[in-house]
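Structural characterization, general
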Amino acid sequence: MEKLKEYRRKRDFERTAEPVGDTQAADASGNLYVMHKHAASHDHFDLRLEQDGVLRSWALPKGPSLEPGEKRLAIEVEDHPLEYGDFEGVIPETSYGGGTVMIWDRGGWTPRGKQKQDRIDFELDGERLRGTWTLTRLRGGKEKQDKSGKSWLMIKRSDGRRKGDKTKDTAVSVEDDSSIMSGRSMRQIAEDRDHVWSSRSNNPNRVITDPGTLKGARKAPLPRSPRPQLATLARKAPNHDDWIHEIKLDGYRILARIENGNAQLLTRNGKDWTHRFPELARLLEAFPVESALLDGEVVAMSRSGTSSFRHLQEMLSNGRTAKLVYQVFDLIHVDGHDLSAVSLIERKQALAELHEAAGFIGSRNIRYSDHIDSQGAAFFDQACQLGLEGIISKRASSTYQEKRSQDWLKVKCITHEEFVVGGYTEPGGSRSGFGSLLMGAFDAEGRLEYAGRVGTGFNSRLLETLGASLQEREVSVSPFNGPIPDTRKVHWVRPSLVIEVEFTERTRDGRLRHPAFRGLREDRNPEEIRMTATKEKVKSPAQSKAQPNDGEPSGTRGSAKRTRKDEIQLLGVRLSNPDRVLFPEQGLTKLDLARFYEAVQDWVLPHLARRPLSLVRCPQGRDDECFFQKHPRVAIPASVPRLDIPEKSGSAEYVYVETAADLVALVQAGALEIHPWGSRIDDLERPDRLVFDLDPNPGIPWKEILRIADTLRKRLGSLGLESFVRTTGGKGLHLVVPLVPEADWDQTKAFAKAVAQRHAKDDPERLTTNMSKAKRQGRIFIDYLRNGRGATAVASYTVRARKGAPVAVPVRWDELNAALRADRYTVENLRRRLSALRRDPWEGFAEAARPLDAQLRKTVGLP
């Protein structure tokens, strides 16, 4: 049956008990409707409508639309057999679509009006969903373009029912967690192993595409010394039809050569690193081929699901490689056939089949790198907003070329490049190994041109090991072309080490601004490292409309200057012990943190300036003693502005900030968290914002936190208050409401309490306003106490004193999803997000302010 061809291609029926499909049902014409709830790699729903003997199917990432006019994305997937309408159970992780499947709703459907190829109007008569909907294919427009034709919108239509009619679909929720067939929850279904579709981990007899039938394939021996195709740096992603786009990975490029059951892992410069990735080599030997050459990247995945080069290097140095991931994205040779002249899209299709045949669907270690068609610019913006490295754009019809090619383009979210080490400075104070590295790159004539120094981003272990390696490479003469500034206590080295450095921009003379060490590049040859252009620094939306900065310091921004031993001056502020490590997991130093605030000052200051502050200070770093401090005493530099605030007995001194230099001064004092009041110093007794902190007890699912945030947002909206959401860098979310400063502190806190208590009363099993730990078991604490006089909440775009240096970050409401997480953004990846934003996520914040007047307070039961 042709309609099930794609369904069958994706499944191996020798390995899975999924239904093949009854060909006799092909001519049947029924009206079955099924809505599956599917917990696979991403939780979603599957809409299935019987049509011409099959179940035509769409994946709904956020579930069905339930309110009239509401639009939800629907991705058309392969047709499924009618027997699928009765399935409820578990698909093993190693099978396609692995996860738990529930029959969430079932019934019949009826087409309404004239049906078109790109539009389906229909009525559902299910046990949960009843009413009319429209499915319409996305077409046209730069924002909605979908060349694949797989993207649709599901739109709920008005059914003309009277208000209060209990059959309307807003009475149900996508959070309903019970099967209409069995009454079981998703957890109960997952625990019932009698309903698992079984599969074997591997099936070498699986039928896959014969490589000899691919256009451009030719018989040839497996190459012994292959070289990878390299991407060319580009400023923007192509949007043409003949381009596909992949996530740019942050790891080591590796070619996997498989022959006679043995796998060999080769770097881009031909080094054999099989011994460095033994677990991956063993897994790759399971590919059902006699010989193959794969292209991919070895990466270490962070908790947020992004690749981290720094984490990869730490795992390699510790010998902890079992959790490393090989992301495969190309197939160059297979079973005696050279595929380099086969089109990229056909090579990827063949690779996907091999990956599935080897039983790696759902694998934690060997993963296939998928792609999207066209829409490169939108995909790039999304990647940067998520804090990713960037994207790789590839011409779908291109052949594989063992050189740098314009058919592969890399578009980076923030600049990082490789440089050659030509010298190092002596360490200062308690620092061991070295102080900073002098780095450069070769020009067109092969001369090593100086690019500046990098002294941040090193942890203590690397300082010692790299320091010893540098001493072995010492030479008496500078390897750089031309004079180098300030060569006191500089040791020259043979230019044989390659490092990767992240930075914000270059000055006019080619020096890097805000450089930070990312890792050693043992897979690169020094002579390959050439000077290239860079991107602009991180800008706020207002700045992005201005002319590009030429790299020269201006205003309050400026390069750090070393004043004397163990001191650096940044923005006019003296930083003592700048190399002190504050966050040991990344080797993030005091100078790193100060430069972070310098780079993002235009985002931080609007939310923080001229507000009294409380601080969390950790003078020796995050893993040493930390304490909460309201009053500055002598530890805070005198340059930070202060004011006296009346308290119950007398008055007390508080600090506030006005400039980025004040932020740097707080870093100098060891402040790792900055918590402002909800009012400004020119109107202390009348707050201009409300903060509702959703603080979940351990074990609360993230999707529950998202649900509660949405319901609280709607409650506030019903009161005429617009709320804005931010990740906290901790476990939960903040809902922030802008106010016209009219009500006093007591009135504001009472209002926040009344709203929180009403919300908790509506969902007592999941919510509480009682801060007692005993009362918070299994619940989310709605913390309204942050709205009292002297109470604080962490500032937007500021760091938290937690592992990984997470940052509290404002986001749009439509960005809240399962992939986000409260600690998604960090000092390391936030600048990528900011550089990609075209507008402020909290755009309209000031304009949305409303006073907490007597009428509004009365609405929540206050006198």
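Starting afresh in each chain, residues are numbered from 1 along the sequence in its written order. In keeping with the model being predicted, local features are shown solely for residues with a pLDDT of at least 70 and side-chain atom pairs are shown and tallied solely at 80 or more, while totals for entire chains, interfaces and linings include all residues. Only hydrogens and water are set aside when side-chain values are computed; all heavy atoms of the structure are taken into account.

Per the convention used, a helix needs a DSSP run of H or I reaching at least four residues, while a strand needs a run of E reaching at least two, with both numbered from the N terminus. When its secondary structure is counted, the protein chain shows 14 helices and 46 strands. Residue burial in the protein chain is summarised as follows: out of 863 residues, 56% are buried. Throughout, a residue-residue contact means that at least one pair of heavy atoms, one from each residue, lies within 4.5 Å. Taking contacts inside the protein chain between residues at least 6 apart in sequence as the whole, the part at least 24 apart equals 69%. Burial classes: relative accessible area under 20% of the type maximum marks a residue as buried, over 50% as exposed, and values in between as partly exposed (1.4 Å probe, protein chains only).

Glancing now at the packing of aromatic side chains. Centre distance within 6.5 Å is the pairing criterion for rings of Phe, Tyr and Trp, where only the six-membered ring of Trp is used; planes under 30 degrees apart are then read as stacked, over 60 as edge-to-face, and the remainder as tilted. One pass over the structure, following the stated rule, counts 20 aromatic pairs. Here Phe-434 and Phe-458 contribute two aromatic rings whose centre-to-centre distance is 5.0 Å and whose plane-to-plane angle is 85°, an arrangement assigned as edge-to-face. You can see Phe-434 sitting in the loop between strand 22 (416-425) and strand 23 (437-442) and its partner Phe-458 sitting in the loop between strand 24 (448-454) and helix 7 (460-472), a full 24 residues away along the chain. A relative accessible area of 0% means that Phe-434 is categorised as buried. You can call Phe-458 buried: its relative accessible area is 2%. An aromatic cluster is present here, built from Tyr-252, Trp-273, Phe-277 and Phe-309 joined pairwise through their rings.

Any carboxyl oxygen of Asp or Glu that lies within 4 Å of a side-chain nitrogen of Lys or Arg is treated as forming a salt bridge with it. The tally for this structure, following the rule as stated, stands at 53 salt bridges. Residues participating in the shared-partner salt-bridge network are Lys-248, Asp-250, Glu-389, Glu-500, Glu-502, Arg-518, Arg-521, Asp-523 and Arg-832.

A separate point is the state of the cysteines. Any cysteine sulfur atom paired with another within 2.5 Å is treated as part of a disulfide. Under the definition given, this model contains two disulfides. Put simply, Cys-384 and Cys-413 are joined by a disulfide, and their sulfur atoms are 2.1 Å apart. Torsion about the S-S bond of the Cys-384 and Cys-413 cystine: about -90°, corresponding to left-handed handedness. With Cys-384 in helix 6 (residues 376-385) and Cys-413 in the loop between strand 21 (404-412) and strand 22, the pair connects residues that are 29 residues apart, well separated along the chain. An identical accessibility class is assigned to Cys-384 and Cys-413; each is buried.

Next up on the list: the packing of helix 8 (residues 590-599) against helix 10 (residues 660-668). Relative to each other, helix 8 and helix 10 sit at 160°, their axes nearing to 9 Å. It follows from the interaxial angle that helix 8 and helix 10 lie roughly antiparallel. Remark: the crossing between helix 8 and helix 10 carries right-handed chirality. On the side of helix 8, the interface is formed by Lys-590, Leu-593, Ala-594 and Tyr-597, while helix 10 contributes Leu-663, Val-664, Val-667 and Gln-668. Side-chain classes are defined by residue name, with Ala, Val, Leu, Ile, Met, Phe, Trp, Tyr, Cys and Pro counting as nonpolar, Asp, Glu, Lys and Arg as charged, and the others, Gly among them, as polar. Of the residues that constitute the contact of helix 8 with helix 10, the class distribution is six nonpolar, one polar and one charged. An axis is simply a line fitted to the C-alpha atoms; with a helix, the fit covers only the stretch in contact. Between two such axes, the angle follows the N-to-C directions and lies from 0 to 180 degrees. Our angle categories are set so that under 35 degrees counts as roughly parallel, over 145 as roughly antiparallel, 65 to 115 as roughly perpendicular, and the remainder as oblique. In this scheme the crossing of two helices becomes right-handed for a clockwise turn of the near helix relative to the far one and left-handed for an anticlockwise turn of less than a right angle.

Here a helix's expected span is defined as the number of its residues, less one, multiplied by 1.5 Å. The end-to-end C-alpha distance of helix 12 (residues 745-762), which contains 18 residues, comes to 26 Å, matching closely the 26 Å that a straight helix rising 1.5 Å per residue would cover. As for helix 12, its buried residues are in contact with strand 41 (689-696), helix 11 (702-718), strand 44 (767-768), strand 45 (780-783) and helix 14 (854-859). Between the side-chain oxygen of the N-cap and the backbone nitrogen of Asp-746 there are 3.2 Å, and the N-cap of helix 12 in question is Asp-744. Side-chain atoms alone can form a polar contact between residues adjacent in sequence; in general such a contact is a pair of N or O atoms within 3.5 Å, and within protein one must be able to donate a hydrogen while the other accepts it.

A separate point is unusual backbone geometry. Within the chain, Asp-52 stands out as a residue other than glycine whose phi angle is a positive 55°. Looking at Asp-52, the relative accessible area reads 48%, which means it is partly exposed. The phi torsion at Asn-577 lies on the positive side, around 50°, for a residue other than glycine. Its location among the elements puts Asn-577 in the loop between strand 33 (573-576) and strand 34 (581-583). Exposure remark for Asn-577: the relative accessible area of 31% places this residue in the partly exposed category.

What follows concerns the sheet that holds strand 11 (residues 230-233). The pairing criterion is simple: DSSP has to find at least two bridges between the two strands. Strand order in this open sheet of five strands is 11-21-20-12-19, and the pairing throughout is mixed. Among the strands making up the open sheet, the edge pair consists of strand 11 and strand 19 (372-373). Sheet topology places strand 20 (residues 390-395) next to strand 21; five bridges connect them, and they run antiparallel. Following the sheet pairing, Ser-393 is matched in strand 21 by Leu-409.

Time to look at the environment of Thr-589. Positionally, Thr-589 belongs in strand 35 (residues 588-589). For Thr-589, a relative accessible area of 1% puts it in the buried group. Contacts of Thr-589, omitting those with residues within four sequence positions, involve Thr-456, Pro-578, Asp-579, Arg-580, Val-581 and Leu-582.

Attention shifts here to the nonpolar core. Within the largest apolar cluster, 88 residues are counted, with the highest numbers of intra-cluster contacts made by Leu-593, Tyr-597, Leu-666, Phe-692, Leu-735 and Phe-751. Domain segmentation is taken from an automatic or database assignment of domains. Two domains each provide a minimum of three residues to this core, namely domain 4 (570-676) and domain 5 (689-858). Within the second largest apolar cluster, 35 residues are counted, among which are Leu-214, Ala-263, Met-315 and Ala-358. Working definition of a nonpolar core: buried Ala, Val, Leu, Ile, Met, Phe, Trp, Tyr and Cys residues. They are joined through side-chain atoms within 4.5 Å.

The next point concerns helix 6. Since one α-helical turn is 3.6 residues long, residues separated by three or four positions face the same way. Within helix 6, seven of the 10 residues are buried, which leaves it mostly tucked inside the rest of the structure. Tucked inside the fold, the buried residues of helix 6 contact strand 12 (243-247), strand 19, strand 20, strand 21 and helix 13 (830-836). Downstream of helix 6 by one or two residues, Gly-387 has phi in the positive range, about 75°.

This brings us to the sheet that holds strand 46 (residues 809-811). Pairing within the open sheet is mixed, and its six strands lie in the order 44-45-41-43-42-46. The sheet is open, and its two edges are formed by strand 44 and strand 46, each paired on a single side. In this sheet, strand 43 (residues 733-738) lies alongside strand 41 in antiparallel orientation, the contact comprising six bridges. Each residue of the ladder has a partner; that of Arg-689, found in strand 43, is Pro-738. The strands touched by helix 11 are strand 41, strand 43, strand 44 and strand 45; relative to strand 43, the strand with the most contacts, the crossing angle is about 15°.

Okay, the confidence of the model for the protein chain next. Chain-level pLDDT for the protein chain is 84 on average; 88% of the residues reach the 70-or-more range. Below a pLDDT of 50 lies the segment residues 23-28, which in the model reaches eight contacts outside its immediate sequence neighbourhood of four places, other chains included. Confidence of the prediction at every residue is given by pLDDT, a number between 0 and 100.

Attention now goes to the pairing of strand 38 (residues 642-646). Of the two faces of strand 38, only one is covered, namely that formed by Leu-643 and Ile-645; the face formed by Arg-642, Asp-644 and Pro-646 stays uncovered. Of the pairings in the sheet, the one linking strand 38 to strand 39 (residues 651-655) comprises five bridges and is antiparallel in character. The partner of Leu-643 across the bridge, within strand 39, is Tyr-654. Between the end of strand 38 and the start of strand 39, which pair antiparallel, lie four residues, with Gly-650 showing a positive phi angle near 80°.

On the surface, a cluster of positive charge is contributed by Arg-320, Lys-323, Arg-364 and Arg-461. Relative to the elements of secondary structure, Lys-323 occurs in the loop between helix 4 (309-318) and strand 16 (325-334). Exposure above 30% relative accessible area and no salt bridge define the residues that can form patches, which grow by joining like charges within 9 Å and nonpolar side chains of Val, Leu, Ile, Met, Phe, Trp and Tyr within 5 Å. Methods summary: accessible areas were calculated by the Shrake-Rupley approach with a probe of 1.4 Å, and residue burial reflects only the protein chains presented. Just so you know, the count uses Lys and Arg for positive and Asp and Glu for negative, and it drops His and the chain ends. Here the site of a charge means atom NZ of a Lys, CZ of an Arg, CG of an Asp or CD of a Glu.

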